[in-house]
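# Architecture and fold: a report
Residue strings, one per chain:
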Amino acid sequence: MLIKNIFDPTQTPHPQEELFETLSEGSSTKVERIISRGQVTAPGKWYDSDTNEWVVLIQGKATLELEGGKLIHLSAGDYVVIPAHQKHRVSYTSTQPWCLWIAVHFPD
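Read on for a plain summary of the structure. (Residues numbered from 1 in each chain as written. Predicted model: local features only at pLDDT ≥ 70, side-chain atom pairs only at ≥ 80, totals over all residues. Heavy atoms only, no water.)

## Observations regarding the layout of surface pockets
Estimated volume of the largest pocket: approximately 340 Å³. Forming the boundary of the largest pocket are 21 residues, of which F20, I34, Y47, E53 and V90 lie nearest the centre. Those elements giving two or more residues to the lining of the largest pocket turn out to be β2 (30-36), β3 (52-59), β7 (88-93) and β8 (99-106). For the lining of the largest pocket, the class distribution of residues is ten nonpolar, seven polar and four charged. (1 Å grid on protein atoms, 1.4 Å probe; cavity = no way out; pocket = protein on both sides within 12 Å on 5 of 7 lines; lining within 4 Å. Points joined across faces, edges and corners; volume = space filled by probe spheres on them. Helix = DSSP H or I, 4+ residues; strand = E, 2+ residues; numbered from the N terminus. Nonpolar A, V, L, I, M, F, W, Y, C, P; charged D, E, K, R; others polar.)

## Looking at the side chain of S94
By the secondary structure assignment, S94 is in the loop between β7 and β8. Here the side chain of S94 touches P97 through a polar contact of 2.6 Å, landing on its backbone oxygen. Residue contacts for S94: discarding those within four places in its chain leaves S36, R37, G38, G60, K61 and C99. (Polar contact = N/O pair within 3.5 Å; in protein donor to acceptor, adjacent residues only side chain to side chain. Contact = heavy atoms within 4.5 Å.)

## Quick look at the environment of E65
Inspection of the secondary structure assignment puts E65 in strand β4 (residues 61-66). Distance from E65 to F7, taken between C-alpha atoms, is 26 Å for residues 58 residues apart in sequence. Those residues within four positions of E65 in sequence are excluded, and the remaining contacts are W46, K70, L71, K87, H88, R89 and S91.

## Focus on the nonpolar core
In terms of nonpolar packing, the biggest core is built from 14 residues, with V55, L57, L64, I72, L74, V80 and W101 touching the most fellow members. Residue assignment for this core shows that the elements contributing at least two residues are β3, β4, β5 (71-75), β6 (79-82) and β8. (Core = buried A, V, L, I, M, F, W, Y, C linked by side-chain atoms within 4.5 Å. Buried < 20%, exposed > 50% of the residue type's maximum accessible area, 1.4 Å probe, protein only.)

Listed below in structure tokens is the structure:
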């Protein structure tokens, strides 16, 4: 059994890089830790996943944009379920404090 800390700063990326770390993965579910420091989705790019995604923002502030222009503003503790094939992008992430996300990808 390996014990790690979700806030472990040794895993914090250089400010120019976003970190995606798989914490657990099964046959149909994946849990990942994401650290963002001001990174956003590139203009014109949309995420379109084949699985549902439950996302909780543990630390920081962020804004998700759904296709069609709806904005979802998140603060520490807020979570959202993004259904499979719901096009979305990240339009804002704070730098102080940096954003710490937990994302769980799962099928219908």
